[in-house]
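# Architecture and fold: a report
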Amino acid sequence: GTKPEWCLRMLGAKSLSFGNIVGHAKGVSSMSSLSAWTQEQFDPTLSWEDVEWVKKEWGGKLILKGIMDVEDARIAVQAGADAIIVSNHGGRQLDGAPAAMEVLPEIAA
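Residue numbers restart at each chain and count upward from 1, following the sequence in its written direction. Note on the predicted model: pLDDT of at least 70 is required for a residue's local features to be given, and 80 or more for side-chain atom pairs to be given and counted; whole-chain, interface and lining totals, by contrast, use all residues. Only heavy atoms go into the side-chain values, all of them from the structure, while hydrogens and water stay out.

### Some remarks on a nonpolar patch on the surface
On the surface, a nonpolar cluster with roughly 380 Å² of combined accessible area is contributed by W53, V54 and W58. Only DSSP runs of H or I reaching four residues or more are called helices, and only runs of E reaching two or more are called strands; each is numbered from the N terminus. Looking at the element boundaries, W58 is found in helix α3 (residues 48–58). A residue is classified by how much of its surface remains accessible, and W58, at 58% relative accessible area, is exposed. Within this analysis, patches are made of residues with over 30% relative accessible area and no salt bridge. Like charges are joined at 9 Å or less; nonpolar side chains (Val, Leu, Ile, Met, Phe, Trp, Tyr) at 5 Å or less. We get accessible surface area from the Shrake-Rupley algorithm with a probe of 1.4 Å; when it comes to residues, only the shown protein chains can shield them. Between Lys or Arg on one side and Asp or Glu on the other, a salt bridge is scored when a side-chain nitrogen of the former is within 4 Å of a carboxyl oxygen of the latter. Buried means the residue's accessible area, taken with a 1.4 Å probe over protein chains only, is under 20% of the maximum for its type, while exposed means over 50%, and partly exposed covers the values in between.

### Digging into the layout of surface pockets
Cavities and pockets were defined on a 1 Å grid built over protein atoms only: a cavity is a set of grid points that admits a 1.4 Å probe from which the probe cannot escape, a pocket is an open set flanked by protein on both sides within 12 Å along at least five of seven lines, and lining residues are those with an atom within 4 Å of any such point. Grid points are joined across faces, edges and corners, and a volume is the space filled by probe spheres set on the points. In this structure, the second largest pocket encloses a volume near 150 Å³. What lines the second largest pocket is simply W48, V51, L64, K65, G66, I67 and D72. Of all the elements in the fold, those that place two or more residues in the lining of the second largest pocket are α3 and β1 (63–67). At four residues, the largest contribution of residues to the lining of the second largest pocket is made by β1. Each residue gets one of three labels, nonpolar for Ala, Val, Leu, Ile, Met, Phe, Trp, Tyr, Cys and Pro, charged for Asp, Glu, Lys and Arg, and polar for the others, Gly among them. For the lining of the second largest pocket, the class distribution of residues is four nonpolar, one polar and two charged.

### A closer look at the pattern of salt bridges
Using the criterion set out here, one finds one salt bridge in the structure. When the shortest N-O distance is used, the salt bridge between K55 and D82 registers 2.5 Å. With K55 in helix α3 and D82 in the loop between α4 (70–78) and β2 (83–86), this residue pair connects regions lying 27 residues apart in the sequence. Take D82: its relative accessible area is 41%, and that puts it in the partly exposed class.

Okay, here's the thing in structure tokens:
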């Protein structure tokens, strides 16, 4: 059902921000500049070959977090991962992502 009291309290709540980033990361002084900064943090050219390279250079155990399907789990192992963590990274920014517990049984099989 609906929660009218909660809705009314939320109308009066202060705006949320990412206090650990806004004002601390270079060039991020507001929530609007946070979006551009976030986009800059991702490298669209990252590939499984990069994972293989990291494994080779590192020489130690390699654990990959963020695996959410069977195909990526298989590729991760082929690329040198010693372990994987099935995770949607909390799903805070991925409202449409399934919960890790939903996909875990298929990946573990």
